[in-house]
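For reference, the chains in residue letters:
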Amino acid sequence: MSHELKTRLFRELESVVLIDPHTHINPLAPASKSLADILGYHYYTELAHSAGLARGKIEEPNLPPREKVRRLVEWLGPLENTIQYSWLLEMCREFFDFEDDRLTPRNWEGLYERAAAKMAAPDWEAQVLDKSRLERVFLTNDFDDPLAGFDTSRYVPCLRTDDLVFHLAKPAVRQRLEKATGFEATSATRLTAAVGRLFEHFTSHGARACAISLPPDFEPQPVTGDAVDPTLKAIASGREPSADETRTLARFVFWQLAERCAEYRLPFDLMIGVNRRVYEEGVFQGQDLFDQRTSLVQYRRLFNAFPQVTFPISVLAQTSNQELVSHSWIFPNVVTNGHWWYSNIPAYIELDCRSRLQAVPATKQIGYYSDMYKLEFALPKFRMYRRVLASVLAEDFVVGRNWSETRALELGRLVLRGNVERIFGLTG
Amino acid sequence: MSHELKTRLFRELESVVLIDPHTHINPLAPASKSLADILGYHYYTELAHSAGLARGKIEEPNLPPREKVRRLVEWLGPLENTIQYSWLLEMCREFFDFEDDRLTPRNWEGLYERAAAKMAAPDWEAQVLDKSRLERVFLTNDFDDPLAGFDTSRYVPCLRTDDLVFHLAKPAVRQRLEKATGFEATSATRLTAAVGRLFEHFTSHGARACAISLPPDFEPQPVTGDAVDPTLKAIASGREPSADETRTLARFVFWQLAERCAEYRLPFDLMIGVNRRVYEEGVFQGQDLFDQRTSLVQYRRLFNAFPQVTFPISVLAQTSNQELVSHSWIFPNVVTNGHWWYSNIPAYIELDCRSRLQAVPATKQIGYYSDMYKLEFALPKFRMYRRVLASVLAEDFVVGRNWSETRALELGRLVLRGNVERIFGLTG
Amino acid sequence: MSHELKTRLFRELESVVLIDPHTHINPLAPASKSLADILGYHYYTELAHSAGLARGKIEEPNLPPREKVRRLVEWLGPLENTIQYSWLLEMCREFFDFEDDRLTPRNWEGLYERAAAKMAAPDWEAQVLDKSRLERVFLTNDFDDPLAGFDTSRYVPCLRTDDLVFHLAKPAVRQRLEKATGFEATSATRLTAAVGRLFEHFTSHGARACAISLPPDFEPQPVTGDAVDPTLKAIASGREPSADETRTLARFVFWQLAERCAEYRLPFDLMIGVNRRVYEEGVFQGQDLFDQRTSLVQYRRLFNAFPQVTFPISVLAQTSNQELVSHSWIFPNVVTNGHWWYSNIPAYIELDCRSRLQAVPATKQIGYYSDMYKLEFALPKFRMYRRVLASVLAEDFVVGRNWSETRALELGRLVLRGNVERIFGLTG
């Protein structure tokens, strides 16, 4: 009975039309062109590499997509247990009529052809969106993205700011900033003006969020312009900033972003806890890890200083989830946001989803985002989440608290979709 | 069958008459006088504030209780998913004959009247105690509490010491100490004498525990009187102590408390991990959070130095629970104590309860305390715990280890009540 | 149905013949000689001590085994809830025909006699191995172990290196090293030569792993010989090294070990997170605890520097498990290894096992090791693990992903046995 209840709730949740509030979709090429786009997702390349496939085999220059798939399929055996593999199978079944239990050196070629044929259809993107019941997709745009050539009501721009906060000392970043805004970042005043321009550009093109990923030791603080002027001058003259100067500059820029979010009424997505390039010989996008020794208490000054800014927060370490629950329970401007990366597996989603539903106001929870690079991934990833959500709604609410299924589903819909609309201002 | 088993065990556990080993009850006004006392509990005010209700609306001076309830009820919608809301409904049903599924702007007034009428009964306190099967209730008394005017065998005094350890530099605290003990805290010797007086006063009035809440970075150490004499003198002359002096003084006073606990044979309740005033604009009692980066290893010197003192320990971060399990497994004087505050939700209680029952001697576990401010809360809070306990006993012991239900219930009763009696010396 | 499914999978997993990849078995006395060998296991002595039995009663000099058992049995009552007690009962039932539900002062003597009689059989060791379906057993050998007098194909040597890394300043350790290798550790060069000799000795006697346990704050780094030469000279002349020198020396030796593991193609078992002697008055082997504030990121240099060395990693804090999962998912040379000590209880094994199976390549997971001191413990400990594994395979794979039972069992066998063979090179 409990199993049937879960299945019923899952089916209803499956019918909810989605807005995906965080992805890495390229709006000029949103869907896959071959199976290589799917198997090239870093989850597969890094797991195959972890299982034994040499990086050089995966990232060989000019590797034809077909050969790339052949090589990766050879190493899928050891990954069959992973949840990421289950996404792959689900995509192959739903989109490419795959019927086998496993993708192997024996059966991949037929699939490759079928997928290529389907993907060649002129309306493939629309087919995928339709089949996935996906209405809108948030992007992750570089700060100097022209935001042109695509429908910003379907593909919602989002200002990604890691480069500005953490890499402003790099000549390439400064040049991109100057080119995008007309301001050289040679003083706090000019940098502030440049950041203002970016917000103007983005909000005038329909951007609905500012976003950044942050290392475990980052601790935002207000910094005066005077405190960074000498550093900005030094950088402009070609001197490497010290570790101290770099940290102070990062804090200055970060605080500027928060101020602009207040001014332009943009939510500020914080994705907390990633250490970049820990495994330096890893595959592309498969080099980052984390340090669980981090705390949301590091953000107390920020949350106190910007009550008017909403901070949708993702945490990389599952051990940070309780802090996220508690901060969302206490701070009106903190909301929970999805299940990020290394926490994005059912064992952790389940615990995190349960604790959030038990202790955070229902209106302050963004249930899930796909983080995908290609549209085909929304379906299996959201489905994984919907399974967990259905199970938690069944056990904790329908059985545990005697709620009607209708009421449990209302809560599910709010978390899956309603909150995304309201928090990112998409209903207007 | 498993569901029926759990229900059977739960019903049996419900019949256990309780001693609540930690509350904030005011023994001169233990029960609620109106629904405002219940909805004014910080769990509701902070969650309503988190969901959008302005602090000024909740804490407006001279706000009549009825209007306070009206305002809070308007914001209950987003909280219906929370476990705290389920406590509210359970109280309304059990105590005030409420029969609806939700408390809304449409139906609250009738409830308000009914509650007021019931609470006006001269024996309301006794009715609540009786219905909740609550026999004794531990208090949280300021160090200068006269402990007069109530029955100390029902309301058990407990010496709360946060002010002494962390706020001794405040003139108001020093004056209260002098008034309560006759000693000015101008030297280590006088301070020690003052603390001794407090223990005499409390133990002669039936106190059964000393208690304190501690920040995540606290690390107890023995400190000589010589090391704090200059600080005490400086404070007395009006100088602000430095951060270093403050820390040393806190350690000195804390160690004094442990020594008096040994002398007066009082358990020393440690509630570890709270950061005070993190959200400064939060509602009353809704400003505190925590930092998960803390460790019970910080208490090694204390546990080694006082083998004769029992330390019932509560941890605020769920990530500290395994350390608590392991320290209780190794140190004879460390016992697990309840599920505190941000860890007091079923998702975490379940995991913590399972791990404790699997690895800590049964005699060293205090299952639960309510932490309540008004008597009505014991019923729903303990019931939440008893549901989890029944479920763990059913799955891990009756099903998992083939225990009889009788035997599983013996374990449940020990954890719920027997250990409280023995550890706090209430059986004599 | 789900219950029957789990039982079916469990029975099949029970039939897998085991290699136990980490124990503390003494190959010259692998099985117990009396019940005192079993009840003398530190899990029972420390839990009985924690519950109230004085250390002096347990460790009284010349205590006859029978009397030791009598004293411990008196304190088993409070431990009946623990999973460790369930191991005890399972051993008594399986090996000594015990039929009661509890081991008490009333019934222990008959059991003691029966056990003694069975253990006196000349083939007792073989009986235990056979009944436990245990084929090979990894040892934990001191670096100066002669590795003589036993069958190294059954009892596989393993070079344990804690003393070398953390206690090289102790005269006794240096003397043992000199005696074992012919080199005095008076310079980096000589120390390197000595370590090389140890690897030669061990690998020529069939060693299949190097192993070490590490404190939470250890952070490996390459250190030049020049940087430790003065320290080694100072130690040789009788001066105590400073804390800094000790840390640098530990890093030097540790890095040497990793280099030799590369040279001799030995996996390097890292057991991360233990603080030694936290409870100084605790019973033998019952004094150690941990600090959850540790991170695998501390090992980034090591994992990057030695891609050719496999690092089977155990973590003591359950909060470290997600880092272990993620590092094993990213680093080809990192594999998950068992459920260690304070994490070795079903509540934590279940969560850890699920997350590993969901996100780490199947070939990179060593499911379990017993950590036992006497052979009788493999049966109940592996059985506990197999129960959890069967449950996870049933729920997450057969039910959750529609796998056939056959396929789920293949995964179970790989994790239980196949990976041990391959990772430690036992198939050749």
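Residues numbered from 1 in each chain as written. Chains lettered and ligands numbered in written order. Predicted model: local features only at pLDDT ≥ 70, side-chain atom pairs only at ≥ 80, totals over all residues. Heavy atoms only, no water.

**Overview of the overall build of chain A**
This is how it is decided: Put simply, DSSP H or I for four residues or longer makes a helix, DSSP E for two residues or longer makes a strand, and each gets a number counted from the N terminus. We compute the radius of gyration from the C-alpha atoms alone; for a globule the expected value is 2.2 Å times N to the 0.38, where N is the number of residues. Three labels apply to residues, based on accessible area from a 1.4 Å probe with only protein chains included: buried if under 20% of the type maximum, exposed if over 50%, partly exposed otherwise in between. Any two residues whose heavy atoms approach within 4.5 Å are treated as being in contact. Note on areas: Shrake-Rupley, 1.4 Å probe, and residue coverage restricted to the protein chains presented here. Note on charges: Lys and Arg go in the positive column, Asp and Glu in the negative column, and His and the chain ends are not counted at all. To locate a charge, take NZ of a lysine, CZ of an arginine, CG of an aspartate or CD of a glutamate.
Each helix and strand in chain A was counted, giving 18 helices and eleven strands. In terms of overall size, chain A behaves like a compact globule, its C-alpha atoms giving a radius of gyration of 22 Å where 428 residues would be expected to give roughly 22 Å. Going through the 428 residues of chain A one by one, you find that 62% of them count as buried. Long-range pairs, those at least 24 residues apart, make up 76% of the contacts in chain A with a sequence separation of at least 6. Accessible surface, chain A: about 15400 Å² in total, of which carbon and sulfur atoms supply 48%. Of the charged side chains in chain A, 51 are positive and 56 negative; the average position of the first set lies 2 Å away from that of the second.

**Here we look at the nonpolar core**
Basically, it comes down to this: Throughout this description, the term nonpolar core refers to a set of buried Ala, Val, Leu, Ile, Met, Phe, Trp, Tyr and Cys residues connected via side-chain atoms within 4.5 Å.
Counting residues in each nonpolar core, the largest one holds 440 residues, and the members touching the most others are Phe268 and Leu270 of chain A, Phe268 and Leu270 of chain B together with Phe268 and Leu270 of chain C. Look past the residues within four positions of leucine 270 of chain B in its chain and what remains in contact with it is Ile212, Leu214, Phe254, Tyr299, Leu302, Phe303, Phe311, Pro312, Ile313 and Ser314 of chain B.

**Overview of the interface of chain C and chain A**
Note the threshold: Buried area is a sum: the accessible area each of two parts loses on coming together, probed at 1.4 Å, counted once for each and added. The term salt bridge refers to a side-chain nitrogen of Lys or Arg lying within 4 Å of a carboxyl oxygen of Asp or Glu. Within 3.5 Å is the distance limit for a polar contact, defined as a pair of N or O atoms, with the added protein rule that one can donate a hydrogen and the other accept it, and that residues adjacent in sequence qualify only through two side-chain atoms.
Counting from both sides, the interface comprises 40 residues of chain C and, opposite them, 45 residues of chain A. Summed over both sides, the interface between chain C and chain A buries roughly 3300 Å², with carbon and sulfur atoms accounting for 56% of that surface. A per-residue breakdown of the area chain C buries against chain A is headed by Gln322, Trp329 and Ile330 of chain C, which together make up 23% of the total. The partner of arginine 354 of chain C in a salt bridge is glutamate 350 of chain A, and the shortest N-O contact between them spans 3.5 Å. Between chain C and chain A we count 27 residue pairs in polar contact (both at pLDDT 80 or more) in total.

**Observations concerning the relation of the copies chain B and chain C**
Here is the rule we go by: Least-squares superposition aligns the copies on the C-alpha atoms of those residues with pLDDT at or above 70 in both.
Between chain B and chain C, which share one sequence, the superposing operator has a rotation angle of 120 degrees and an axial displacement of 0.0 Å; the RMSD is 0.0 Å. When the rotation and shift are considered jointly, the pair of chain copies conforms to a three-fold rotation axis. With a heterologous cut-off of 20% or less, the 10% of interface residues of chain B that recur at the interface of chain C puts this contact in the heterologous class.

**With respect to the packing of aromatic side chains**
For clarity, the cut-off: Any two rings among Phe, Tyr and Trp, with Trp reduced to its six-membered ring, count as a pair given centres within 6.5 Å; such a pair is stacked if its planes are under 30 degrees apart, edge-to-face if over 60, and tilted if neither. Working rule: Lys NZ or Arg CZ, within 6 Å of ring centre, within 35 degrees of ring normal, means a charge sits over the ring.
Counted according to the given criterion, the structure contains 87 aromatic pairs over all chains. With a centroid separation of 5.5 Å and 55 degrees between ring planes, the pair formed by phenylalanine 303 of chain B and phenylalanine 311 of chain B is classed as tilted. By relative accessible area, phenylalanine 303 of chain B is classed as buried at 1%. An aromatic cluster is defined as three or more aromatic residues linked by ring pairs; in this entry it consists of Tyr41, Tyr43, Tyr44, Trp87, Phe290, Trp340, Trp341, Tyr342, Tyr373 and Phe377 of chain A together with Trp329 of chain C. For arginine 407 of chain B, the ring lying beneath its charged end belongs to tryptophan 403 of chain B, and the centroid distance is 4.1 Å.

**Some remarks on the packing of helix 17 (residues 378-399) of chain B against helix 18 (residues 405-423) of chain B**
Residues and elements named next belong to chain B. The line we're drawing: Simply put, an axis is a line fit to the C-alpha atoms, just over the touching stretch for a helix, and the angle between two N-to-C directions goes from 0 to 180 degrees. Should an angle fall under 35 degrees it is called roughly parallel, over 145 degrees roughly antiparallel, and 65 to 115 degrees roughly perpendicular, with every other angle called oblique. Helix crossings are classified by the rotation of the near helix relative to the far one: an anticlockwise turn of less than a right angle makes the crossing left-handed, while a clockwise turn makes it right-handed. The residue classification treats Ala, Val, Leu, Ile, Met, Phe, Trp, Tyr, Cys and Pro as nonpolar and Asp, Glu, Lys and Arg as charged. All others, Gly included, are polar.
Orientation of helix 17 relative to helix 18, taken along the N-to-C sense of each, is 140 degrees, at an axis distance of 10 Å. Judged by the angle between their axes, helix 17 and helix 18 are oblique. Between helix 17 and helix 18 lies a crossing whose hand is right-handed. Within the contact between the two elements, helix 17 uses Phe382, Tyr385, Arg386, Leu389, Leu393, Phe397 and Val398 and helix 18 uses Glu405, Ala408, Leu411, Gly412, Val415 and Leu416. When the residues that make up the contact of helix 17 with helix 18 are grouped by side-chain class, the tally is ten nonpolar, one polar and two charged.

**A word on the relation of the copies chain C and chain A**
Superposing chain C onto chain A takes a rotation of 120 degrees combined with a translation of 0.0 Å along the rotation axis, leaving an RMSD of 0.0 Å. Comparing contact sets, just 10% of the residues at the interface of chain C also lie at the interface in chain A, consistent with a heterologous contact between different surfaces.

**Overview of the interface of chain B and chain C**
Contacts between the two partners involve 40 residues from chain B and, on the opposite side, 45 residues from chain C. The tally of links between chain B and chain C comes to three salt bridges. We note a salt bridge from arginine 102 of chain C to glutamate 410 of chain B, for which the minimum N-O separation is 3.9 Å. No other element matches the eight residues that helix 15 (residues 321-330) of chain B contributes to the side of chain B that touches chain C. Classifying every residue of the side of chain B that touches chain C by side-chain character gives 15 nonpolar, 16 polar and nine charged.

**Focus on empty space enclosed by the protein**
Quick note on the threshold: Whether a set of points on the 1 Å grid over the protein atoms alone is a cavity depends on a 1.4 Å probe fitting there but being unable to get out, while an open set qualifies as a pocket with protein on both sides within 12 Å along at least five of seven lines; lining residues are those with an atom within 4 Å of a point. Grid points are joined across faces, edges and corners, and a volume is the space filled by probe spheres set on the points.
For the structure on display, the rule yields eight cavities of 30 Å³ or more. Its boundaries defined by the atoms lining it, the largest cavity holds a volume of some 260 Å³. Looking at the largest cavity, it is lined by 20 residues, and the ones nearest its centre are Gln318 and Thr319 of chain A, Gln318 of chain B together with Gln318 and Thr319 of chain C. Those elements that place two or more of their residues in the lining of the largest cavity are helix 15 (321-330) and helix 16 (346-359) of chain A, helix 15 and helix 16 (346-359) of chain B together with helix 15 (321-330) and helix 16 (346-359) of chain C. Here the lining of the largest cavity is built from residues that sort into six nonpolar, twelve polar and two charged.

**Some remarks on the environment of leucine 129 of chain C**
Structurally, leucine 129 of chain C is set in helix 8 (residues 124-131). Between the alpha carbons of leucine 129 of chain C and alanine 378 of chain C there is a distance of 8.8 Å; along the sequence they are 249 residues apart.

**Description of the sheet that holds strand 1 (residues 18-20) of chain B**
Selection rule: Here, strands pair whenever DSSP counts at least two bridges between them.
Within the open sheet, the three strands sit side by side as 1-2-3 (chain B). Their pairing is parallel. Two strands bound the open sheet, and with one partner strand each, they are strand 1 and strand 3 (155-156) of chain B.

**Here we look at the pattern of salt bridges**
The full count for this structure, using the stated rule, is 105 salt bridges over all chains. Between arginine 354 of chain A and aspartate 396 of chain A there is a salt bridge, and its shortest N-O distance comes to 2.9 Å. Placement of the pair is arginine 354 of chain A in helix 16 and aspartate 396 of chain A in helix 17 (residues 378-399), with a sequence separation of 42 residues. Each member of the pair, arginine 354 of chain A as well as aspartate 396 of chain A, carries the same accessibility label: buried. Among the ionic pairs, arginine 417 of chain C bridges to glutamate 421 of chain C, the shortest N-O distance being 3.0 Å. With arginine 417 of chain C and glutamate 421 of chain C both in helix 18 (residues 405-423), this residue pair falls four residues apart, about one helical turn. Glutamate 421 of chain C matches arginine 417 of chain C in its accessibility class, with the two residues each being buried. In this structure, a network of salt bridges that share partners links the residues Glu14, Glu90, Glu94, Arg133, Arg383, Arg386 and Arg387 of chain A.

**Here we look at the environment of serine 326 of chain C**
Relative to the helices and strands, serine 326 of chain C is located in helix 15. In the structure, serine 326 of chain C is positioned 249 residues away from glycine 77 of chain C in sequence and 41 Å away in space, judged by C-alpha atoms. Not counting residues within four places of it along the chain, the set of residues in contact with serine 326 of chain C comprises Leu289, Phe290 and Tyr342 of chain A.

**Regarding the sheet that holds strand 2 (residues 134-138) of chain C**
All names here are of chain C. Taking strand neighbours across the sheet as the criterion, the three strands line up as 1-2-3 in an open arrangement whose pairing is parallel. Single-partner strands in this sheet number two, and they are strand 1 (18-20) and strand 3 (155-156). As defined by bridge partners, strand 2 adjoins strand 3 across two bridges and the pair is classed as parallel. Within strand 3, the residue paired with phenylalanine 138 across the bridge is valine 156.

**Some remarks on the side chain of serine 295 of chain A**
Locating serine 295 of chain A in the fold gives a position in the loop between strand 8 (289-290) and helix 14 (300-305). Among the polar contacts made by the side chain of serine 295 of chain A, one reaches the side chain of glutamate 323 of chain A at a distance of 2.9 Å. Leaving out residues up to four positions away in the same chain, serine 295 of chain A has contacts with Glu323 of chain A together with Phe290, Asp291, Gln292 and Arg293 of chain B.

**A closer look at the pairing of strand 5 (residues 209-214) of chain A**
All names here are of chain A. Taking burial as the measure, the six residues of strand 5 include six buried ones, the bulk of the element. By the alternation rule, side chains of strand 5 split into Ala209, Ala211 and Ser213 and Cys210, Ile212 and Leu214, which are all buried. Both strand 4 (residues 158-160) and strand 5 contribute to a ladder of three bridges, which runs parallel. The residue bridging leucine 159 from the neighbouring strand is cysteine 210, located in strand 5. Examined bridge by bridge, strand 5 and strand 6 (residues 268-272) share five bridges and lie parallel to one another. Residue pairing across strands places cysteine 210 opposite phenylalanine 268, the latter belonging to strand 6.

**Looking at the confidence of the model for chain A**
Stated formally: pLDDT is a residue-level measure of predictor confidence that goes from 0 to 100.
Put simply, chain A has an average pLDDT of 97, and 100% of its residues get 70 or more. Interface confidence in the predicted complex, given as ipTM, is 0.98; pTM for the same model is 0.98.

**Details of the side chain of arginine 386 of chain B**
Residue and element names in this part refer to chain B. Position of arginine 386 among the secondary structure elements: in helix 17. Among the polar contacts made by the side chain of arginine 386, one reaches the main-chain carbonyl oxygen of leucine 13 at a distance of 2.8 Å. With near-sequence residues (within four places) excluded, arginine 386 lies in contact with Phe10, Leu13, Glu14, Val16, Leu18, Ser132 and Leu416.

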